[in-house]
Amino acid sequence: MARLASVLVEFGMADGDRVAMLAANGQHYIEYYFGVLWGGGVIVPINSRFALPEMIEQIRDASPTVLIVDENFADIGAQLAKPRRR
C-alpha cells in the first residue's frame with residue numbers, strides 16, 4: 001500500500017485530492033482503497049454496475065485527479081479517462 005501511495009503522489013495526487021477507482025471486488029480493491037488513503041487522497045469508488053454514461057457522470061461530478069482501473073475494466077477505463085466537456 002505504501003508503494004501504491006508513493007506512485008499516486010508521483011502521478012500528481014496531493015493531500016485531499018480525489019482518486020476514482022473502478023475495480024472488481026477482491027484483494028486489489030482493498031489495496032487500491034487503502035493505498036489512496038495512505039497517500040492522503042480521498043477514494044471515489046466507481047460503481048461497476050453502472051452503465052458507461054452513468055460512470056462518466058460520476059467521474060465528471062467527482063473531478064478526480066487520478067483514475068485507478070484494474071485489468072477487468074481496462075476498456076471502460078480507457079473511455080472514462082478521455083477528456084469530456086459538460
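Whatever comes next refers back to the structure up there.
For clarity, every value in this text was computed on a predicted model and none was experimentally measured. (Residues numbered from 1 in each chain as written. Predicted model: local features only at pLDDT ≥ 70, side-chain atom pairs only at ≥ 80, totals over all residues. Heavy atoms only, no water.)

A short note on the overall build of the protein chain
Here is step 1 of the chain: Tallying secondary structure elements over the protein chain gives 4 helices and 3 strands in all.
Here is step 2 of the chain: Put simply, the protein chain runs from its N terminus to its C terminus through helices and strands in the order α-β-α-β-α-β-α.
Here is step 3 of the chain: Rg of the C-alpha trace for the protein chain: 12 Å, near the compact-globule value of 12 Å for 86 residues, within the 12% margin.
Here is step 4 of the chain: By principal-axis analysis of the C-alpha atoms, the protein chain measures approximately 35 × 25 × 15 Å.
Here is step 5 of the chain: Buried residues in the protein chain amount to 30% of all 86 residues. (Helix = DSSP H or I, 4+ residues; strand = E, 2+ residues; numbered from the N terminus. Rg over C-alpha atoms; globule rule 2.2 N^0.38 Å. Buried < 20%, exposed > 50% of the residue type's maximum accessible area, 1.4 Å probe, protein only.)

Examining the pairing of strand β3 (residues 66-69)
Here is step 1 of the chain: Only one face of β3 is buried, namely the one carrying V66 and I68, since none of L67 and V69 on the opposite face is buried.
Here is step 2 of the chain: In this structure, strand β1 (residues 18-22) lies alongside β3, joined through 4 bridges in parallel fashion. From the neighbouring strand, A20 faces β3, where its bridge partner is L67. (Pairing = 2+ DSSP bridges.)

Things to note about the sheet that holds strand β2 (residues 42-45)
Here is step 1 of the chain: Read from one edge of the open sheet, 3 strands run β2-β1-β3, paired in parallel fashion. Sheet topology places β2 and β3 at the edges, where each strand pairs with a single neighbour. Put simply, the sheet's adjacent strands are angled 25 degrees from each other on average, direction ignored.
Here is step 2 of the chain: Seen against the sheet, helix α3 (residues 52-62) touches β1, β2 and β3 and runs at an angle of roughly 165 degrees to β1. (Axes fitted to C-alpha atoms, helices over the stretch in contact; angles between N-to-C directions. Contact = heavy atoms within 4.5 Å.)

Scope: geometric values only; no functional claims are made or implied.
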